[in-house]
Amino acid sequence: MPETTGTAIAIEAKMAGGIYALNRFLMTLQNKRMPVKNLEVNMGEEETKATIRLDCPHETARRYMSLLELLEDVHEVWEPGN
Amino acid sequence: MENTAHKADFDSFDNFDNFDNHPAIEYKPRIGSEAMCEALLDEGIEHLFGYPGGAIMPFYDALPDYPLKHVLTRHEQAAAHAADGYARATGEVGVCIATSGPGATNLVTGLATAMMDSVPMVAITGQVGRPAMGMDSFQETNVMGMALPFTKHSFLVEDPDELYPTIRRAFEIARSGRPGPVLVDVPKDVQFAACNDNGYRRLKEAVPPIASPGLEAAALLLKKAKKPIILAGHGVTLAGAELELVRLAEKTGTPVVTTLLGLSAISNDHPLYIGWPGMHGQASVNRAIDKCDLLFAVGMRFDDRITGNASKFAPNAKVIHIDIDPSELGKVVKPTVGITADAKAAMRGILGHLDSVEDNCASWREEIKKSQESEKMHEETARPEYGPIRIMDAIKEIAGDEVRLVTDVGQHQMWSAQFFKFTKKNSHITSGGLGTMGFALPAAMGVALAYPDEPVWVVAGDGGIQMNIQELATIRDMGLNIKVAILNNGYLGMVRQWQQFFHNRRYSSTPMTGPDYEIFAAAYGLAGKTIHPGGDIEEAVKWANETEGFAIVDFHIDSEANVYPMIPSGMSVSEMIEEHA
Ligand SMILES: Cc1ncc(C[n+]2csc(CCOP(=O)(O)OP(=O)(O)O)c2C)c(N)n1
Ligand SMILES: [Mg+2]
């Protein structure tokens, strides 16, 4: 497990709609053991938006972001405010 | 309907040649299974490895009408490994096919093996018909769900018009960026259904361009280093960057080590090649990494079998890490300079910043050379009587420089990596990341099909060979040119070694028996030989080499021989176990 910081970093992601893209997204969070403190999902038919809060250093969070971004059906991953 | 969309679309692909070879194919109104075959054909696929069953029958029904050669394996796991071996050896995408349910579940080990080692592969599975899905129907499994962690991407194709573009897309995903396996699951009724249309969708842009400040910074670090090491991984082979690796090493006078999968990315004869590090790597190489001031890691991911305790790995070094997968940078080792790029492009870029380099590392090379002398002497004295070394030497000597070695998992795998002299590019094929026993024999089928006129040797243990031994039938049917050396120690040797070191010699469930391989091979109409201790190893290898097609030699070796040195799991170079007299 990555070291925790106590302060969560918010990440937002847009992905293809439907259950498969979301399933792969969630599995990746679990498979790579990302320290997810909180998760909100708005699933649509065309597009799904997820907001996660990760409890880890910023650098680690950025690595996780690029991992999620590499998923074929993830369109965009960003830090809100950046 | 004339399928013009398809033809126009085809223009944008480079594998036009293959298309030209089959002018007889006309594009007619088609059904899903035909679209599947056309997509494979248009990808330039020649060989598929698979096993039929109810849910994939329409595809198998269409197959004979196309110039695609299907290899019927005796187990779906073997089909996946064969596609994997084919892909590793050729650099092209391997293809395997299975039916729904048990066929698909049997593929999973092969998908996971390919995923861990970044091997480009497309697996096509039949699925129960759309109306039957979600009903716990006969032979229904959630293949997409099951394969999620072991695939780069997966598709369930529910619209027959999407079959052709999806399969093409699967290939592009499999080979782009960091390669990996892609699964396409196709319900039976979709394979039967008529297609009206097909378009080809592009995937999202691959890999960001190379950051040039990183290249310059890397070149600067290389120029300044006094004790540099290049650590080359599978990414070098996948990118075809062997030449760039040698150029970079020679230009800077930097010693080169490889990961297990990087082995054969540089000739073992090259004066700058010093060996490979990690759990069973040479002591001198591990010590060199321990002392180096710069680690240039390219196309590798700092696997725990390389680093041991990562916090104590290369403690004095600045680290340059080049990988095509940005999420690898900083995962285990924090790089001083991290570059997201293809190994070839990155090394070329760095070479561009290395016009004038002074050789700062002559004394470093001398230091390493000295530390290797005692190891070399030790190996030389062991050579005449030590089974594994002699067997490796004999294969190299007798089968020649063109030989490709496909190894299974266990002690014999480590001995092969330690003692076989790899001088041919990409001639070492093994399951590194997943460590899949049973990989070697079926993977060698893929290699032998790709290179039918070149020698292929399998080195396997008496445990692993029994995991896919049913493939002897496939090998016989296909007349494949594969030679097998079993290093038979009567044990699941690697596990026994751990039991000896860490569990007080309690050999729980590791003694292993097997068949008489001579008789067993004969039952398949194939040739086999048994060599007992003291037998003529060279003669047996010669015999196998001269036997047409397949031959298996069962070498009975010292049952309690160990792989040395060994850094126990999670420890560092200071805790290395070395062989004592
Ligand atoms: C499918 C699978 N099951 C179990 C293991 C664990 N394992 C690793 S090495 C090994 C022993 C292999 O024995 P053998 O094939 O005889 O090779 P040896 O080590 O004796 O050379 C085992 C059981 C594995 N790697 N893969
Ligand atoms: Mg054994």
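One structure accompanies this document, and this report is about it. As the structure is a prediction and not an experimental result, all values here were calculated from the model.

What counts and what doesn't
- Residues numbered from 1 in each chain as written.
- Chains lettered and ligands numbered in written order.
- Predicted model: local features only at pLDDT ≥ 70, side-chain atom pairs only at ≥ 80, totals over all residues.
- Heavy atoms only, no water.
- Helix = DSSP H or I, 4+ residues; strand = E, 2+ residues; numbered from the N terminus.
- Buried < 20%, exposed > 50% of the residue type's maximum accessible area, 1.4 Å probe, protein only.
- Contact = heavy atoms within 4.5 Å.
- Buried area = accessible area lost by both parts, 1.4 Å probe.
- Salt bridge = Lys/Arg side-chain N within 4 Å of Asp/Glu carboxyl O.
- Polar contact = N/O pair within 3.5 Å; in protein donor to acceptor, adjacent residues only side chain to side chain.
- Nonpolar A, V, L, I, M, F, W, Y, C, P; charged D, E, K, R; others polar.
- Donors = N, O, S within 2.8 Å, 3.2 Å for Na, K, Ca; no water.
- Phe/Tyr/Trp six-rings, centres within 6.5 Å; stacked < 30°, edge-to-face > 60°.
- Disulfide = S-S within 2.5 Å.
- Expected span 1.5 Å × (residues − 1).

1. Observations regarding the overall build of chain B
- A count of helices and strands for chain B gives 23 helices and 18 strands.
- Its C-alpha atoms give chain B principal-axis dimensions of roughly 75 × 60 × 45 Å.
- For chain B, with 581 residues in total, the buried portion stands at 59%.
- Long-range pairs, those at least 24 residues apart, make up 75% of the contacts in chain B with a sequence separation of at least 6.

2. Regarding unusual backbone geometry
Residue and element names in this part refer to chain B.
- In this structure, the amide linkage connecting Tyr564 to the following residue, Pro565, adopts the cis form with an omega of -10 degrees.
- Assignment of secondary structure puts Pro565 in the segment after strand S18 (551-556).
- The phi torsion at Ser264 lies on the positive side, around 85 degrees, for a residue other than glycine.
- Within the secondary structure layout, Ser264 lies in the loop between strand S8 (256-258) and strand S9 (273-275).
- Since its relative accessible area comes to 3%, Ser264 is described here as buried.
- A positive phi angle is found at Arg505, which is not glycine, with a value near 60 degrees.

3. Some thoughts on the interface of chain A and chain B
- Tallying the contact residues gives 15 residues for chain A and 18 residues for chain B.
- The largest contributions to the chain A side of the interface with chain B come from Arg24, Arg63 and Glu72 of chain A, which together make up 48% of the buried area.
- Linking chain A to chain B there are 2 salt bridges.
- We note a salt bridge from Glu72 of chain A to Arg169 of chain B, for which the minimum N-O separation is 3.6 Å.
- Here chain A is connected to chain B by 2 residue pairs in polar contact (both at pLDDT 80 or more).
- Elements represented by at least two residues in the side of chain A that touches chain B include exactly helix H1 (19-31) and helix H2 (58-69) of chain A.
- In the side of chain A that touches chain B, the residues fall into 6 nonpolar, 3 polar and 6 charged.

4. Things to note about the coordination of the magnesium ion (ligand 2)
Residue and element names in this part refer to chain B.
- At this site the magnesium ion (ligand 2) is bound by Asp462 (OD), Asn489 (OD1) and Tyr491 (O), with donor distances of 2.1 Å.
- Donor residues binding the magnesium ion (ligand 2) come from one chain and are separated in sequence as D-x26-N-x1-Y. Taken together, the residues Asp462 in the loop between strand S15 (456-461) and helix H20 (472-478) and Asn489 in the loop between strand S16 (483-488) and helix H21 (493-502) connect sequence positions 27 residues apart.
- Looking at Asp462, the relative accessible area reads 3%, which means it is buried.

5. Here's the deal with the packing of aromatic side chains
Residues and elements named next belong to chain B.
- What the rule picks out here adds up to 9 aromatic pairs over all chains.
- Consider the rings of Tyr491 and Tyr507, whose centres lie 5.5 Å apart with planes at 75 degrees: the pair is edge-to-face. Of this pair, Tyr491 sits in the loop between S16 and H21 while Tyr507 is found in the loop between H21 and helix H22 (517-523), placing the two residues 16 residues apart along the sequence.
- Relative accessible area serves as the criterion here: at 15%, Tyr491 is assigned to the buried category.
- Geometrically, the ring pair formed by Trp498 and Phe502 is edge-to-face, given 5.7 Å between the ring centres and 80 degrees between the ring planes.

6. Some remarks on the pattern of salt bridges
Residue and element names in this part refer to chain B.
- Enumeration over the complete set of coordinates arrives at 33 salt bridges over all chains.
- Taking the shortest distance from any N to any O, the salt bridge between Arg178 and Asp325 comes out at 2.9 Å. Of this pair, Arg178 sits in the loop between helix H8 (163-175) and strand S6 (181-187) while Asp325 sits in the loop between strand S11 (318-323) and strand S12 (337-340), placing them 147 residues apart in sequence.
- Judged by relative accessible area, which is 9%, Asp325 ranks as buried.

7. Focus on the state of the cysteines
All names here are of chain B.
- This model, assessed by the stated rule, comprises 0 disulfides over all chains.
- Lacking any disulfide linkage, Cys37 is separated from the closest cysteine sulfur, that of Cys195, by 11 Å.
- Look at Cys37 and you get buried, because its relative accessible area is 0%.
- Here Cys96 is not disulfide-linked; the sulfur of Cys37 is the nearest cysteine sulfur, at 15 Å.
- Among the residues examined, Cys96 registers a relative accessible area of 0% and is labelled buried.

8. Points about helix H17 (residues 387-399) of chain B
Residues and elements named next belong to chain B.
- For H17, which comprises 13 residues, the first-to-last C-alpha distance of 18 Å matches the rise-based estimate of 18 Å (1.5 Å per residue) to within 8%.
- The element H17 is largely enclosed, with a buried count of 10 among its 13 residues.
- All buried positions along H17 are accounted for by Gly387, Pro388, Ile389, Ile391, Met392, Ala394, Ile395, Lys396, Ile398 and Ala399.

Read these as spatial facts, not as claims about activity.
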